[in-house]
Amino acid sequence: MRNIIEWIVAIAAAIVCALIIRAFVAEVYEVPTGSMLETIQLGDRLVGEKVSYRFRSPQAGEVVTFMDPQGRDVNLIKRVIATAGQTVDLRDGDVYVDGQKLDEPYTLGKPSEPFTKTIAPGGISYPYTVPDGCLWLMGDNRTDSADSRYFGPVSVSEVTSRAVFIFWPFNDARGL
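Below is a short write-up of the structure. Everything quoted here is computed from the prediction, not taken from an experiment. (Residues numbered from 1 in each chain as written. Predicted model: local features only at pLDDT ≥ 70, side-chain atom pairs only at ≥ 80, totals over all residues. Heavy atoms only, no water.)

## Observations regarding the overall build of the chain
Reasoning step 1: From N to C terminus, the chain includes 2 helices and 12 strands.
Reasoning step 2: Ordered by position in the sequence, the α and β elements of the chain form the string α-β-β-β-β-β-β-β-β-β-α-β-β-β.
Reasoning step 3: Classification of the 176 residues of the chain by burial places 38% in the buried group.
Reasoning step 4: Within the chain, contacts between residues separated by at least 24 positions form 59% of all contacts whose residues are at least 6 apart in sequence.
Reasoning step 5: Summed over all atoms, the accessible surface of the chain reaches about 9,700 Å², with 59% contributed by carbon and sulfur.
Reasoning step 6: Side chains of the chain give 17 positive and 22 negative charges; the mean places of these two sets differ by 4 Å. (Helix = DSSP H or I, 4+ residues; strand = E, 2+ residues; numbered from the N terminus. Buried < 20%, exposed > 50% of the residue type's maximum accessible area, 1.4 Å probe, protein only. Contact = heavy atoms within 4.5 Å. Areas by Shrake-Rupley, 256 points an atom, 1.4 Å probe, with all protein chains shown as cover. Lys, Arg positive; Asp, Glu negative; His and termini not counted. Charge placed at Lys NZ, Arg CZ, Asp CG, Glu CD.)

## Considerations on the nonpolar core
Reasoning step 1: Counting 13 residues, the largest nonpolar core has Ile81, Ala82, Val88, Val95, Val130, Trp136 and Met138 as its most contacted members.
Reasoning step 2: Taken together, the elements giving at least two residues each to this core come down to strand 4 (75–83), strand 5 (87–91), strand 6 (94–97) and strand 9 (134–138).
Reasoning step 3: Apart from the residues lying within four places of it in its own chain, the contact partners of Ile81 are Ala60, Gln86, Val95, Val97, Leu102, Glu104, Tyr106, Trp136, Met138 and Arg142. (Core = buried A, V, L, I, M, F, W, Y, C linked by side-chain atoms within 4.5 Å.)

## Quick look at the environment of Arg45
Reasoning step 1: Residue placement: Arg45 occurs in strand 2 (residues 45–49).
Reasoning step 2: By relative accessible area, which is 30% here, Arg45 ends up partly exposed.
Reasoning step 3: The spacing of Arg45 and Phe167 is 122 residues in sequence and 6.0 Å in space, taken between C-alpha atoms.
Reasoning step 4: If we ignore the near neighbours within four places in the chain, the residues touching Arg45 are Tyr29, Glu30, Phe165, Ile166, Phe167 and Trp168.

## Focus on the side chain of Ser148
Reasoning step 1: By secondary structure assignment, the location of Ser148 is in helix 2 (residues 148–151).
Reasoning step 2: A relative accessible area of 0% places Ser148 in the buried class.
Reasoning step 3: A distance of 2.9 Å separates the side chain of Ser148 from the backbone nitrogen of Leu137, its partner in a polar contact.
Reasoning step 4: Not counting the four nearest positions on each side in its chain, Ser148 is found in contact with Ile124, Leu135, Trp136, Leu137, Pro153 and Val154. (Polar contact = N/O pair within 3.5 Å; in protein donor to acceptor, adjacent residues only side chain to side chain.)

## What about the side chain of Asn141?
Reasoning step 1: Looking at where Asn141 falls in the secondary structure, it is placed in the loop between strand 9 and helix 2.
Reasoning step 2: Filtering out sequence-adjacent residues up to four positions away, Asn141 remains in contact with Gly34, Ser35, Met36, Leu37 and Lys110.

## Here's the deal with the environment of Ile15
Reasoning step 1: Position of Ile15 among the secondary structure elements: in helix 1 (residues 2–24).
Reasoning step 2: On the basis of relative accessibility, which here comes to 48%, the residue Ile15 falls in the partly exposed class.
Reasoning step 3: Each C-alpha atom, one on Ile15 and one on Arg54, is 24 Å from the other, the two residues being 39 residues apart in sequence.

## Some points on a nonpolar patch on the surface
Reasoning step 1: There is a patch of nonpolar side chains on the surface, built from Val16, Ile20, Ile21, Phe24, Val25, Val51 and Phe55 and spanning about 670 Å² of accessible area.
Reasoning step 2: The residue Phe55 is located in the loop between strand 2 and strand 3 (63–67) in this model.
Reasoning step 3: The exposure class assigned to Phe55 is exposed, which follows from its relative accessible area of 72%. (Patch = residues over 30% accessible without salt bridge, like charges linked within 9 Å, V, L, I, M, F, W, Y side chains within 5 Å. Salt bridge = Lys/Arg side-chain N within 4 Å of Asp/Glu carboxyl O.)

## Quick word on the sheet that holds strand 8 (residues 128–129)
Hydrogen bonds between backbone groups are what pair the strands of a sheet, and the pairing can be parallel or antiparallel.
Reasoning step 1: A sheet is described by the order of its strands in space; here 4 strands give the open sequence 7-6-5-8, paired in antiparallel fashion. Looking at which strands have only one partner, the edges of the open sheet turn out to be strand 7 (100–101) and strand 8.
Reasoning step 2: Pairing between strand 6 and strand 7: 2 bridges, direction antiparallel. Counted as the bridge partner of Val97 is Gln100 from strand 7. (Pairing = 2+ DSSP bridges.)

## Topic: the pairing of strand 5
Reasoning step 1: Here strand 5 pairs with strand 8 via 2 bridges, running antiparallel. Counted as the bridge partner of Thr87 is Thr129 from strand 8.
Reasoning step 2: Relative to strand 6, strand 5 runs antiparallel, the two sharing 4 bridges. Directly across from Asp89, in strand 6, lies its bridge partner Tyr96.
Reasoning step 3: Connecting strand 5 to the antiparallel partner strand 6 that follows it, the hairpin turn spans 2 residues, and Asp92 within it adopts a positive phi of roughly 50°.

Put into structure tokens, the structure is as follows:
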């Protein structure tokens, strides 16, 4: 009987530890769209860490996971382009932040054009200043990414993690 109780306690402790890690430290995500191609492939599995954003805000250039602004129960993944107070402009297929053209080799030269149709309240016109407490997020696959150009800025509170590394499939495994 004692062995059974020890097994039950060990299994319960393992489950509690796993839930705590998932809630507060790190989580595994499956990439649901091709919006980050070629940086991240559709269906890649990656680890997102949750600790650093308890002490600081997301920074430009980081890849983050966040809750879908359209209300679907899915995490999306995009790159932080600008943070609160910065001004984003899209000109001639390029992205400018605070008047400086971004060097974005991860887009593979795909143009960054404004969307004519958006679901952002009041629409989006450029140049656009990111509101307090928000981020401007864009997919690396600029010609096939519903991102802040479509749904507007994303609240920092909706960010669920910072993408750290891809672990599956093995041929895609690497740090981000």
